[in-house]
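Now for the letters of each chain:
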Amino acid sequence: MIKFTDVYKTYNQKRWALKKVNCEIEQGEFVYLVGKSGAGKTTFLKLLTLEEPLTRGALQIGNANLTTMTEKQLPMFRRQLGIVSQNLALLENMTVLENILYVLRATDFGGRYAKKRALEALAEVDLVDVQKKKPEELSIGQRQKVLIARAIVNQPKIILADEPTGNLDDKSAIETMRIFFRLNQKGTTVIMSTHHSTIVNTVRHRVLEINEGQIVRDQSEGSYGQPTDGRDIFYI
Ligand SMILES: Nc1ncnc2c1ncn2[C@@H]1O[C@H](COP(=O)(O)OP(=O)(O)OP(=O)(O)O)[C@@H](O)[C@H]1O
Ligand SMILES: [Mg+2]
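Conventions adopted
- Per-chain numbering applies: the sequence of each chain, read as written, is numbered from 1 onward.
- Ligands are numbered from 1 and chains lettered from A, in the order in which they are written.
- With the structure being a predicted model, the display of local features is reserved for residues of pLDDT at least 70 and the display and counting of side-chain atom pairs for 80 or more, all residues being used for whole-chain, interface and lining totals.
- To get the side-chain values, take all heavy atoms of the structure and skip hydrogens and water.
- Residues belong to one nonpolar core when they are buried, are Ala, Val, Leu, Ile, Met, Phe, Trp, Tyr or Cys, and are joined through side-chain atoms within 4.5 Å.
- Any residue under 20% of the maximum accessible area for its type is buried, any over 50% is exposed, and the rest in between are partly exposed; the area is computed with a 1.4 Å probe on protein chains only.
- Comment: elements are numbered from the N terminus, with helices defined as DSSP H or I runs of at least four residues and strands as E runs of at least two.
- By definition, residues are in contact when any of their heavy atoms lie within 4.5 Å.
- Strands qualify as paired when DSSP identifies two bridges or more between them.
- Every angle, taken between N-to-C directions, lies between 0 and 180 degrees, and every axis is a line fitted to C-alpha atoms, over only the stretch in contact when it is a helix.
- Nearness here has a simple test: a residue counts as near a molecule or strand if at least one of its heavy atoms is within 4 Å of that partner.
- Any N or O atom pair separated by 3.5 Å or less is treated as a polar contact, with the protein-specific requirement of one donor-capable and one acceptor-capable atom, and with residues adjacent in sequence counted only for side-chain atom pairs.
- Every accessible area reported is derived by Shrake-Rupley at a probe size of 1.4 Å, with residue values counting cover from the shown protein chains alone.
- Residues were grouped as follows: Ala, Val, Leu, Ile, Met, Phe, Trp, Tyr, Cys and Pro as nonpolar; Asp, Glu, Lys and Arg as charged; and all remaining residues, including Gly, as polar.

*Asks:* Describe the nonpolar core, with residues and values.
*Replies:* Core analysis: the largest hydrophobic core is formed by 41 residues, its most contacted members being Phe-30, Tyr-32, Met-177 and Phe-180. Elements supplying a minimum of two residues to this core: strand 3 (30–34), helix 3 (96–106), helix 4 (114–124), helix 5 (140–152), strand 7 (158–162), helix 6 (170–185), strand 8 (189–193) and helix 7 (197–202). Setting aside chain neighbours within four positions, we find Tyr-32 in contact with Met-177, Phe-181, Met-192, Thr-194, Ile-199, Val-200, Val-203, His-205, Arg-206, Val-207 and Leu-208. Membership of the second largest hydrophobic core comes to 28 residues, among which are Cys-23, Leu-33, Ala-39 and Leu-47.

*Asks:* So, the sheet that holds strand 5 (residues 64–65): which residues are in play, and what are the values?
*Replies:* One open sheet holds the four strands; their spatial order is 2-1-4-5, and the pairing between them is antiparallel. The open sheet has two edge strands with one neighbour each: strand 2 (16–25) and strand 5. Packed onto the sheet, helix 1 (residues 41–49) meets strand 1 (2–10), strand 2 and strand 4 (56–61) and runs at close to 65 degrees relative to strand 2.

*Asks:* Please set out the pairing of strand 1 residue by residue, giving values where relevant.
*Replies:* Bridge analysis of strand 1 against strand 2 gives six bridges, and the strand direction is antiparallel. Residue pairing for strand 2: Val-7 is matched across the bridge by Val-21. What sits between the antiparallel neighbours strand 1 and strand 2 is a turn of five residues, in which Gln-13 has the positive phi angle 70 degrees. Where strand 1 and strand 4 come together, five bridges link them in antiparallel fashion. Bridging across to strand 4, Ile-2 finds its partner in Ile-61.

*Asks:* Pulling in residues and values, what's your account of the site of ligand 1?
*Replies:* Near ligand 1 you find 13 residues, and of these Arg-15, Ser-37, Lys-41, Thr-42 and Thr-43 are the closest. Within the side chain of Arg-15, one N or O atom sits 2.5 Å away from an oxygen atom of ligand 1. Separating an oxygen atom of ligand 1 from a side-chain N or O atom of Ser-37 is a distance of 2.5 Å. Burial of ligand 1 by the protein chains amounts to 64% of its free accessible area of 630 Å². Here the shell around ligand 1 gets three residues from one element, more than from any other, and that element is helix 1. Grouping the constituent residues of the shell around ligand 1 by class yields three nonpolar, six polar and four charged.

Below is the structure:
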């Protein structure tokens, strides 16, 4: 379970990027983070990955208290999260398979089963065929799927994704969302920020709307915004 208690975050002391955030997310939930550009969505996710420290308040994931986590505990903690970052950062001089194996090496998971696990992760995103290719040979959609494979290879209980469909055409966006929905159905918590109103309005899940750093809406099976855009007809 994830619990924000009176969380505040400022980057520059001038204004709050997040303000008085209180919320709980149970294991297995699917949460869309929505809100205008600059609202605080990325910041919300970065506090959870400890890429940024919070300024005030308390944040808990399971038994881990993020406010008191030490540098030494950080790698072990992060390995339990599936982080899909916004910048498509793959190691360009390595093949797709090596990119996934690299994560397992860096976290000393896997051992002799590393290759099997890496291939399972690639199978999950339907990319076994491109395992020997270099990232430069992939489409943007394929790159995004490799990033997801990399994020899930340690079989995380929580996936945190920052606008995972942001750079994608509709077909790749649907394929990417299918992967997340499938992982969620297997019990993985998914928290993703998005501006994709059609996805949010079509496959309904909990919506947390952030505005100027504050949660202004917490709606189960929510819509992207109010009122719902009547043009959003999207089959998935
Ligand atoms: N590294 C940083 N240094 C200073 N201010 C920052 C930094 N990162 C974010 N901010 C500020 O914090 C606020 C929230 O930004 P954040 O990136 O969380 O918004 P967002 O909701 O993810 O926006 P977008 O939809 O554009 O990605 C903004 O006012 C932004 O300018
Ligand atoms: Mg953002």
